Amino acid sequence: MAERMIGPTEQDIALVTALSEVFATGRTRDLSWRIEQLRGIERLCDECEQQIVEALTADLGRPAFDGWLADIASTKAEATYARKHLKKWMRQRPVRLPLSQLPARGWVQYDPLGVVLVIGPWNYPFYLSVGPLVAAVAAGNCAVVKPSELAPTTSELLARLLPQYLDPEAIRVVKGDGDTTQALLAQGFDHALFTGGTEVGKKIMAGAAPTLTPVTLELGGKSPVIVTADADIDVAARRIAWVKLLNSGQTCIAPDYVLAERPIADELVAKIIENVDRFRSAEVTKAQRIINDRQFDRLTGLIGSTTGTVVMGGGADRAALRMEPTIIVDPAADEPVMTEEIFGPILPVVRVGSVDAAVRYVNGKPKPLALYVFTESTSLARCIIDAIPSGGAVVNHIAMHVMVPQLPFGGVGPSGMGAYHGRWGFEAMSHRRAVLAKRSNPDPKLFYPPYTRLARKIMRKVF
């Protein structure tokens, strides 16, 4: 059955029209307005930390410190970095002109796009809603933030707090589900940024197509970890276990599976288990919270259908929506746990005979959002990174690139389209406008038709 097309409601039309009218006044273009919004986001992170972490705990069962680290600290860091560098980013960039265009001046200026739509996900519902907003306001845009309905407490919090800390006429929050998102997209925006799964990303892109709304898609995929025989196994095990456990593995750049060279694979698995036990030792239960019934059933299905050996965990409590951290050794390449993005506390570890075999394995799958390589050899790390396309890559750690605003964050192929963070976000939400300023004189008549033989000869040399 064909999908029902969602059209814009009168409310959607009025909202986008109102924001367009605010943008037309020009006030969001001023450096002072942009700085004020960025400072507002910083104050929001400082003054409302307790409210935010409580909302994250209610929606995701996340410990307070984890909520601060993953959602609040990272958001504030983005806003602070943008505020400190924004004046430099906004400067015109002069360009050297060819002789044929002289006398003249040329430059590139960064103009705001207009009205931007930010569509947030449920797994980091504060960071991945407000983080992109940093880029939108730094670039001088009005914005609509549509948080995820699967994180209702955080969604309600954003609807209440953002108007208190930011310009309420230029930045609006719209709550709702996927139909709301499609209705907004149908109205038309100057840019849309979506964070979420690949399948929903396709729907976002299709919804944006009729109005030719440009999109930045931050998606997911199966981000692999390659551990070579010369790696520091203690460090690799610690870092893999730590990031995999964050948010119950419900992270788009979480380590999805590990490819370990055979001589060190068993030691690596043993030490990952040891670290998981230690990291969860202060908790009442080792089992971690899963967002909802649908995700819980999907994850238990991955464990139930595996042909690999479950060497840790495997237990689950549907009533509490909790699942034990689970490690599966050597599952089959074609089973669901190795073909679907896991997005939960399940870690497959596959023994491989060589680094080349690991590279072939990864390259046989869609391009991942992130690639992680553990090795003590700088040259080997570079070879692996150069051989495997991915959105980003980290050597000897997991996921840390997302916390560096100086680096672009984005996917490639099925794992995403476009990038943001830091200056990259500012530019993604701006129009790079080419300007050529000529003088009225000189104005040689030989460059105008009808062309003489001499004029043609000169023009062939000049142009």
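These numbers come from a predicted model, not from an experiment.

A. Expanded view of the packing of aromatic side chains. Following the criterion strictly, the structure yields 7 aromatic pairs and no others. With a centroid separation of 5.3 Å and 35° between ring planes, the pair formed by phenylalanine 65 and tryptophan 68 is classed as tilted. Separated by 3 residues within a single helix, phenylalanine 65 and tryptophan 68 lie in helix α4 (residues 64–90), roughly one turn from each other. Consider the rings of tryptophan 122 and phenylalanine 343, whose centres lie 5.5 Å apart with planes at 85°: the pair is edge-to-face. With tryptophan 122 in the loop between β3 (115–119) and α5 (127–138) and phenylalanine 343 in the loop between α12 (336–339) and β15 (346–352), this residue pair connects regions lying 221 residues apart in the sequence. The pair tryptophan 122 / phenylalanine 343 is uniform in exposure class, with both members buried. What links up through ring pairs into an aromatic cluster is the set Tyr81, Trp89, Tyr110 and Phe426. In this structure, arginine 423 packs its charged tip against the face of tyrosine 110, placed 5.5 Å from the ring centre.

B. Examining the UniProt feature "active site" (unreviewed entry) in the protein more closely. As annotated by UniProt and renumbered to match this structure, "active site" (unreviewed entry) occupies Glu218. Note on glutamate 218: relative accessible area 2%, which makes it buried. If sequence neighbours within four positions are ignored, glutamate 218 has contacts with Phe194, Thr195, Gly196, Phe409, Gly410, Gly411, Ser415, Gly418, Ala419 and Tyr420.

C. Just the confidence of the model for the protein, in detail. On average, residues of the protein carry a pLDDT of 95, and 98% of them reach 70 or more. Scored below 50 in pLDDT, residues 1–8 shows 12 contacts in the model against residues more than four places distant or in partner chains.

D. Region of interest: the sheet that holds strand β19 (residues 416–417). Read across the sheet, 6 strands follow the order β5-β4-β3-β6-β7-β19 without closing on themselves; strand pairing throughout is mixed. The sheet is open, and its two borders are formed by β5 (171–173) and β19, each paired with just one other strand. Taken strand by strand, helix α8 (residues 198–208) contacts β3, β6 (191–195), β7 (215–218) and β19, and its axis lies near 175° from that of β7.

E. Looking closely at the sheet that holds strand β2 (residues 104–112). Taken in spatial order, the 3 strands of this open sheet run β1-β2-β21, and their pairing is antiparallel. Because the sheet does not close on itself, it has two edges, and the strands there are β1 (93–95) and β21 (430–438). Each adjacent strand pair in this sheet contributes to an overall mean axis angle of 30°, direction not counted. Across 3 bridges, the pairing between β1 and β2 is antiparallel. Looking at β2, one finds that valine 95 is bridged to glycine 106.

F. Structural context of the packing of helix α9 (residues 233–245) against helix α10 (residues 262–279). Between α9 and α10, the shortest axis-to-axis distance is 8 Å and the interhelical angle comes to 50°. The orientation of α9 relative to α10 falls into the category oblique. With respect to the hand of their crossing, α9 and α10 are arranged in right-handed fashion. Across the interface between the two elements, Ile233, Asp234, Ala236, Ala237, Arg238, Ile240, Ala241, Trp242 and Leu245 of α9 pack against Ile264, Glu267, Leu268, Lys271, Ile272, Asn275, Val276, Arg278 and Phe279 of α10. In terms of residue class, the contact of α9 with α10 is built from 12 nonpolar, 1 polar and 5 charged.

G. Spatial organisation of helix α11 (residues 293–304). For α11, built from 12 residues, the straight-helix expectation of 16 Å at 1.5 Å per residue is met to within 8% by its first-to-last C-alpha distance of 16 Å. All buried positions along α11 are accounted for by Gln295, Phe296, Leu299, Leu302 and Ile303. When α11 is viewed along its axis, its buried side chains cluster within an angular range of 120° and face the same direction. Summarising the geometry of α11, the exposed residues directed more than 90 degrees from the buried face are Arg294 and Gly304. Residues of α11 that are buried in the fold lie against β11 (309–312), β12 (316–317), β13 (322–323), β14 (326–329), α12 and β15.

H. Structural detail: the nonpolar core. Residues Leu133, Val227, Ile240, Ile253, Val258, Leu268 and Ile272 are the most contacted members of the largest nonpolar core, which totals 108 residues. With 9 residues, the top contributor of residues to this core is α5. Once you skip the residues sitting within four places of it in the chain, isoleucine 240 turns out to touch Val225, Val227, Pro255, Val258, Ile272, Leu347, Phe374 and Ile398. One finds Ile226, Leu259, Met323 and Val350 within the second-largest nonpolar core, a separate group that totals 26 residues.

I. Focus on the side chain of serine 74. Looking at the secondary structure, you find serine 74 in helix α4. Beyond its immediate stretch of four places on either side in the chain, serine 74 contacts Leu69 and Tyr127.

J. Structural detail: the UniProt feature "domain: Aldehyde dehydrogenase" (unreviewed entry) in the protein. UniProt annotation of "domain: Aldehyde dehydrogenase" (unreviewed entry) refers to residues 18–434 when read in the numbering used here. Split by type, residues 18–434 is 44% helix and 20% strand. Its first and last C-alpha atoms lie 29 Å apart.

K. Geometry of the pattern of salt bridges. The final tally for this structure, using the stated rule, is 21 salt bridges. Residues aspartate 111 and arginine 433 are paired through a salt bridge, measuring 3.0 Å at the closest nitrogen-oxygen approach. Taken together, the residues span a long stretch of sequence, with aspartate 111 in strand β2 and arginine 433 in strand β21 at a distance of 322 residues. The partner of aspartate 330 in a salt bridge is arginine 351, and the shortest N-O contact between them spans 2.5 Å. Linking aspartate 330 in the loop between β14 and α12 with arginine 351 in strand β15, this pair joins segments that are 21 residues apart in sequence. Since its relative accessible area comes to 28%, arginine 351 is described here as partly exposed. Taken together, the shared-partner salt bridges in this structure form one network comprising Arg93, Arg423, Glu427 and Arg432.

L. Focus on the side chain of glutamate 335. Inspection of the secondary structure assignment puts glutamate 335 in the loop between β14 and α12. Comment: no salt bridge for buried glutamate 335; closest opposite-charge side chain is lysine 222, at 9.5 Å. Reaching out from glutamate 335, the side chain makes a polar contact with the side chain of threonine 306 at a distance of 2.5 Å. Polar contacts involving the side chain of glutamate 335 include one to the main-chain amide nitrogen of alanine 332, which spans 2.9 Å. Aside from chain neighbours lying at most four places away, what touches glutamate 335 is Ser305, Thr306, Thr307 and Gly308.

Criteria and cut-off values
- Residues numbered from 1 in each chain as written.
- Predicted model: local features only at pLDDT ≥ 70, side-chain atom pairs only at ≥ 80, totals over all residues.
- Heavy atoms only, no water.
- Phe/Tyr/Trp six-rings, centres within 6.5 Å; stacked < 30°, edge-to-face > 60°.
- Helix = DSSP H or I, 4+ residues; strand = E, 2+ residues; numbered from the N terminus.
- Buried < 20%, exposed > 50% of the residue type's maximum accessible area, 1.4 Å probe, protein only.
- Lys NZ or Arg CZ within 6 Å of the ring centre and 35° of its normal.
- UniProt positions renumbered as here; feature names shortened; annotations may be inferred.
- Contact = heavy atoms within 4.5 Å.
- pLDDT = per-residue confidence, 0-100.
- Pairing = 2+ DSSP bridges.
- Axes fitted to C-alpha atoms, helices over the stretch in contact; angles between N-to-C directions.
- Parallel < 35°, antiparallel > 145°, perpendicular 65-115°, else oblique.
- Left-handed = near helix turned anticlockwise from the far one by under 90°.
- Nonpolar A, V, L, I, M, F, W, Y, C, P; charged D, E, K, R; others polar.
- Expected span 1.5 Å × (residues − 1).
- Arc of directions from axis to C-beta.
- Core = buried A, V, L, I, M, F, W, Y, C linked by side-chain atoms within 4.5 Å.
- Salt bridge = Lys/Arg side-chain N within 4 Å of Asp/Glu carboxyl O.
- Lys, Arg positive; Asp, Glu negative; His and termini not counted.
- Polar contact = N/O pair within 3.5 Å; in protein donor to acceptor, adjacent residues only side chain to side chain.

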